[in-house]
Amino acid sequence: MERAEVPVPAAWRNLIVATVGFTLTFWAWNLIAPLGSDYHDRLGLTSVQQSLLVAVPVLVGSLGRVPVGALTDRYGARRMFPLVSALTVVPVVLLIPARDSYVATLAVGFLLGLAGTTFAIGVPLVNSWFPPARRGFALGVFGMGMGGVALSGYFTPRIAQRGEHLPFVVVAVALAVYAVLAALLIRDRPDRPLPTESFGHRLGAAGRLRVTWELSALYAIGFGGIVAFGVYLPTYLKTGYGLTPTDAGAKAAGFALLTVAARPFGGWLADRVHPSVVTAGALGFVALLAIVQAFDPPLVPVGTVCLLCIAAGLGTASGSVFALVSQVTPQPQVGSVTGIVGAVGGLGGFVPPLVMGAVYSAKGSYSIGFMLLSDLALAGCVYAYVRMRTVRPAGGDAPGDGSGGGAGTVAGSGPGAPVRGGGG
């Protein structure tokens, strides 16, 4: 059945509600990072211990996207979004009694990782409601839920000044209210295809697609870089430039807001230009600016400009990569593939904070970390441009509509080989 090119009103409603939920759960997912310096001073943590504390929720949330994505394929976002949002209230509340113990906070941070799995719920929901020509932009809008990192970085330390437990109470109440609204407002597309295979079979099928791992690698650089900066930038600004925790959180929030704004731009651009070209250009830009930042320039103006440009490049790349995911994945497999790609992307955000903390402890400088970012971004730039321009869906069906057989086949060169974001 040919889908209309104009999204129905229900598509926009689901997009808005899913984006709000993604924003709130991302705020919850990032609750520990803006208070990292407080934990450091109160519990006497080393740089590595502090990095581990803020990275554990990222690790768990990333890995959790794999089963949550597969469950979303089976049960739909109407059930999964309210359920995960409600369950996230538990670790948020538990952060209050755990605050005076490093081990207890680390354990609660493990549970808090659940908040990071909503990414794998929202992508298949949005993908199913929007026609191919609009999916890049729609997924980019949903990706603006990363703004939860900016909200957390800016508001969490300020709310904590009014009461050390208040941030956790505010987020817990917001999540509880949202869980009720999501149950009332989110609807799965009535004609969405339901998987008939088992959980393991679906994950295995998604894992056997070469394009799953190619896109995972690119997303690990783009989105992983965003997550890494989101959780570690306040510490970097405080340690490297001597800013107060409040000022560091405010500047980190500006970084996160720019990634949020750039993500729908990346999706919109990928609807008009081959998404691999968009990805390559964005990552090449990041590689160049990371080299400049490795030389520890003054924060004003050079450092600020570099960090903001890196934010714009990473946000654009993450938006264009998922525009490509939506094109080459059959609709029944979007959740499973999204789970794997999102997991690897989140893991890309788990390692850098640990590396940055270890490098600073050993060398007293962050330069090596930024040079590593430059190397990875440059590698992603070359791979996206040389290899990913030839990726197209198998069978010649409309990308991502679930009507085709497989996905992720690599076409040879020649007329019509590139897949455009417009779906045809």
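See above for the structure.
Residues numbered from 1 in each chain as written. Predicted model: local features only at pLDDT ≥ 70, side-chain atom pairs only at ≥ 80, totals over all residues. Heavy atoms only, no water.

(A) View of the packing of aromatic side chains. All told, the structure shown has 13 aromatic pairs when counted by the stated rule. An angle of 85° between the planes, with centres 5.0 Å apart, marks the rings of tryptophan 12 and phenylalanine 130 as edge-to-face. One end of the pair, tryptophan 12, is in helix 1 (residues 9–29); the other, phenylalanine 130, is in the loop between helix 6 (119–129) and helix 7 (132–143), and 118 residues separate them in sequence. Among the residues examined, tryptophan 12 registers a relative accessible area of 34% and is labelled partly exposed. Here phenylalanine 81 and tyrosine 178 contribute two aromatic rings whose centre-to-centre distance is 6.0 Å and whose plane-to-plane angle is 75°, an arrangement assigned as edge-to-face. Linking phenylalanine 81 in helix 4 (residues 77–98) with tyrosine 178 in helix 9 (residues 166–185), this pair joins segments that are 97 residues apart in sequence. Taking the relative accessible area as the measure of exposure, phenylalanine 81 reaches 0% and is therefore buried. Looking at tyrosine 178, the relative accessible area reads 4%, which means it is buried. (Phe/Tyr/Trp six-rings, centres within 6.5 Å; stacked < 30°, edge-to-face > 60°. Helix = DSSP H or I, 4+ residues; strand = E, 2+ residues; numbered from the N terminus. Buried < 20%, exposed > 50% of the residue type's maximum accessible area, 1.4 Å probe, protein only.)

(B) Here's a closer look at the state of the cysteines. Taken as a whole and judged by the stated rule, the model has 0 disulfides. Left unpaired, cysteine 309 is separated from the closest cysteine sulfur, that of cysteine 306, by 6.9 Å. Cysteine 309 sits in the partly exposed class, given a relative accessible area of 22%. (Disulfide = S-S within 2.5 Å.)

(C) Representation of the nonpolar core. Ranked by size, the top nonpolar core spans 111 residues in total, and within it Val92, Phe229 and Phe370 carry the most contacts. Here this core gets 13 residues from one element, more than from any other, and that element is helix 11 (residues 210–241). Setting aside anything within four residues of it in sequence, one finds phenylalanine 370 in contact with Phe229, Tyr236, Ala290, Gln293, Ala294, Leu307 and Met356. (Core = buried A, V, L, I, M, F, W, Y, C linked by side-chain atoms within 4.5 Å. Contact = heavy atoms within 4.5 Å.)

(D) Structural context of the pattern of salt bridges. For the structure shown, the criterion picks out 5 salt bridges. Between aspartate 100 and arginine 42 there is a salt bridge, and its shortest N-O distance comes to 3.0 Å. Of the two residues, aspartate 100 sits in the loop between helix 4 and helix 5 (102–112) while arginine 42 sits in helix 2 (residues 36–43), which places them 58 residues apart along the sequence. With relative accessibility at 63%, the residue aspartate 100 sits in the exposed group. A relative accessible area of 30% places arginine 42 in the partly exposed class. The residue glutamate 214 makes a salt bridge to arginine 387 at a minimum N-O spacing of 2.6 Å. Highlighted residues: glutamate 214 in helix 11 and arginine 387 in the loop between helix 16 (367–386) and strand 1 (391–392), separated in sequence by 173 residues. Taking the relative accessible area as the measure of exposure, glutamate 214 reaches 5% and is therefore buried. You can call arginine 387 buried: its relative accessible area is 17%. Salt bridges sharing common partners tie together Arg210, Glu214 and Arg387. (Salt bridge = Lys/Arg side-chain N within 4 Å of Asp/Glu carboxyl O.)

(E) Seen up close, unusual backbone geometry. Following valine 300, the chain continues to proline 301 via a peptide bond in cis, the omega torsion being 0°. Looking at where proline 301 falls in the secondary structure, it is placed in helix 14 (residues 299–328). Of note in the backbone geometry, aspartate 296 takes a positive phi value of approximately 50° without being a glycine. Relative to the elements of secondary structure, aspartate 296 occurs in the loop between helix 13 (275–294) and helix 14. Look at aspartate 296 and you get partly exposed, because its relative accessible area is 41%.

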